[in-house]
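Results of the structural survey
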Amino acid sequence: MRPLLVLLCLCVLGIACSSEAASDESGSAESAQAGSPQAPRQIGRAAFRPRALVSGLASPTHAVGIKGEPRRLYIVEQQGRIRVFESGRMRAAPFLDVRFLVSAGGERGLLSVAFHPEYAENRLLYVNYTDRDGHTNVVEYRSNGARAIPSSARRLLFIRQPYSNHNGGQLVFGPNGRLYVGMGDGGSGGDPQNRAQNMQSLFGKLLSIDVVTKGVRIEGLGLRNPWRFSFDRSTGDLLIGDVGQHEVEEINFTAKSSPGLENYGWDVFEGPTKFEDKPLGPGKLVQPIAEYSHREGCSVTGGHVYRGSNKALRGRYIYGDFCSGIVWSIKLTDGKANDLRREDFRIPQLTSFAEDGAGELYAISGGGTLSRLTP
Ligand SMILES: [Ca+2]
Ligand SMILES: [Ca+2]
């Protein structure tokens, strides 16, 4: 294990890091820049507090809010439903029910929903699910305002999955108006067919789709399973949580201004560590801005940059681990991570974070609970 990781682990366990040192933001920024990779090394105070808002959900995987709908959250259930939480209660009828189309369980199911940036006018939304044969489908629906219209389904992307795991699953519109799709490396372990570095394959990639023409583009390569990623709603910068193999979980940063193409390293690297001895594929190698070892978890859940009403916390990126339920946040400055904080709560089976129309944040437990994260 690298010395940086050892220090990080000791810090998390409360050893070798005084709270005084942790609150020294300039010091941590300096050390983050001096170190390679640029991992945060100090643990500061907790920043958020969870308040359970909804319970009794069936294996929720994802949720989103829409800017013009401040009192509403769309919550995705793995078996194939999208449900609406509105003004403090769940609507009885689902917004979308595609359970008959979906295979659910493990890393399969209805995995995310994204609403078109002009949803208020065109009523278009997009879902990502594994079908009855386990293959990835990205499908457009139109809603009537209250419910998605089943007959409006229009498939934008179909990818035959070779294994049951690493299906990616995230959909989100980028600042360029394209629909971004996270694709895992196909599955199994160690990327056995070496797809993530192969530009002839759509596996192990960050893809984007022109939703009008259905044209697909590779935006990034070298990903193992980018289960959750997001764009900072204020800057347009991209943050990706990429799930590791046996040792390291990682967060990657790409500025909106980047001309591309990013190569996030897998399966030549796992985190900053060499994984397979072979040449890298094309693109600019991007090393993680934050990482943690499997002593603290086993599967990273990428989150969001906070842009809500609490000024002191704006610009912090929150993320966590599905297995341990640990939640951290980092301050982002010029694409560097510093002032790492570990929250004093855990979210068991942390499947997703969510952001509402006003930029406030939520955490979702696959056990069935959605909690608001109050600064
Ligand atoms: Ca391999
Ligand atoms: Ca990587």
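One structure accompanies this document, and this report is about it. (Residues numbered from 1 in each chain as written. Chains lettered and ligands numbered in written order. Predicted model: local features only at pLDDT ≥ 70, side-chain atom pairs only at ≥ 80, totals over all residues.)

Details of the overall build of the chain
We apply this condition: Helix and strand definitions follow DSSP, with helices as H or I runs of at least four residues and strands as E runs of at least two, each counted in order from the N terminus. The contact criterion used is a C-beta to C-beta distance within 7 Å, with each C-beta placed from the backbone.
In terms of helices and strands, the chain carries four helices and 30 strands. In the chain, the share of contacts with a sequence separation of at least 24, taken over all contacts with a separation of at least 6, comes to 53%.

Considering the environment of Gly 283
If you trace the backbone, Gly 283 turns up in the loop between strand 21 (273–274) and strand 22 (284–285). C-alpha separation for the pair Gly 283 and Glu 219, spaced 64 residues apart in sequence, amounts to 9.9 Å. Those residues in contact with Gly 283 that lie beyond four places of it in its chain are Leu 221, Leu 261, Glu 262 and Asn 263.

Thoughts on the sheet that holds strand 23 (residues 290–293)
Cut-off, in case you're wondering: One requirement defines pairing of two strands: DSSP has to find at least two bridges between them. For helices, the fitted line uses only the C-alpha atoms of the stretch in contact; every axis is such a line through C-alpha atoms, and the angle between N-to-C directions lies from 0 to 180 degrees.
The antiparallel open sheet is built from four strands, whose spatial order is 16-17-18-23. Two strands in the sheet have a free side with no partner beyond their single neighbour: strand 16 (228–231) and strand 23. Across the sheet, the axes of successive neighbouring strands diverge by a mean angle of 10°, strand direction being ignored. Pairing between strand 17 (residues 238–242) and strand 18 (residues 248–254): five bridges, direction antiparallel. Residue Gly 241 lies in a different strand from strand 18, and its bridge partner there is Ile 251.

Concerning the nonpolar core
Let me state the cut-off plainly: Among buried residues, those of type Ala, Val, Leu, Ile, Met, Phe, Trp, Tyr and Cys that are joined through C-beta atoms within 7 Å form a set called a nonpolar core. Any residue surrounded by 20 or more other C-beta atoms within 10 Å of its C-beta is treated as buried, while 12 or fewer makes it exposed and the intermediate range makes it partly exposed; C-beta atoms here are placed from the backbone.
Formed by 83 residues in total, the largest nonpolar core has its most connected members in Ala 63, Ile 75, Val 113 and Tyr 362. Not counting the four nearest positions on each side in its chain, Ala 63 is found in contact with Leu 73, Tyr 74, Ile 75, Val 76, Ser 352, Ala 354, Tyr 362, Ile 364 and Leu 370.

Section: the sheet that holds strand 11 (residues 148–159)
The strand order across the open sheet formed by four strands is 8-9-10-11, and the pairing between neighbours is antiparallel. Strand pairing shows two members of the sheet lacking a second neighbour, strand 8 (110–115) and strand 11, which therefore form its edges. The average undirected angle you get between the axes of adjacent strands in this sheet is 25°. As judged from the seven bridges shared by strand 9 (residues 124–130) and strand 10 (residues 136–143), these two strands associate in the antiparallel manner. For Val 127, the partnering residue across the bridge sits in strand 10 and is Val 139.

Some thoughts on the pairing of strand 29 (residues 361–365)
Along strand 29, five of the five residues are buried, which leaves the element largely enclosed by surrounding structure. Because side chains alternate across strand 29, one face comprises the buried residues Leu 361, Ala 363 and Ser 365, and the other comprises Tyr 362 and Ile 364, equally buried. Strand direction decides the pairing type here: strand 28 (residues 350–355) and strand 29, joined by five bridges, are antiparallel. Paired with Ala 354 across the bridge in strand 29 is Tyr 362. Here strand 28 folds back onto strand 29 in antiparallel fashion, the turn holding five residues, of which Gly 359 has a positive phi close to 90°. Strand direction decides the pairing type here: strand 29 and strand 30 (residues 369–374), joined by five bridges, are antiparallel. Bridging across to strand 30, Tyr 362 finds its partner in Arg 372. Counted between consecutive antiparallel strands, the loop separating strand 29 from strand 30 contains three residues, among which Gly 368 sits at a positive phi close to 125°.

Quick notes on unusual backbone geometry
The residue after Gly 260, namely Leu 261, is reached through a cis peptide bond having omega -5°. If you trace the backbone, Leu 261 turns up in the loop between strand 18 and strand 19 (262–263). Here the residue pair Trp 266 and Asp 267 is connected by a cis peptide bond, since its omega of 5° sits within 30 degrees of zero. Structurally, the position occupied by Asp 267 is in the loop between strand 19 and strand 20 (269–270). Positive phi, close to 60°, is recorded for Arg 123, a residue that is not glycine. Located in the positive-phi region is Asp 334, a residue other than glycine, with phi close to 50°. Within the element layout of this structure, Asp 334 appears in the loop between strand 26 (326–333) and strand 27 (336–346).

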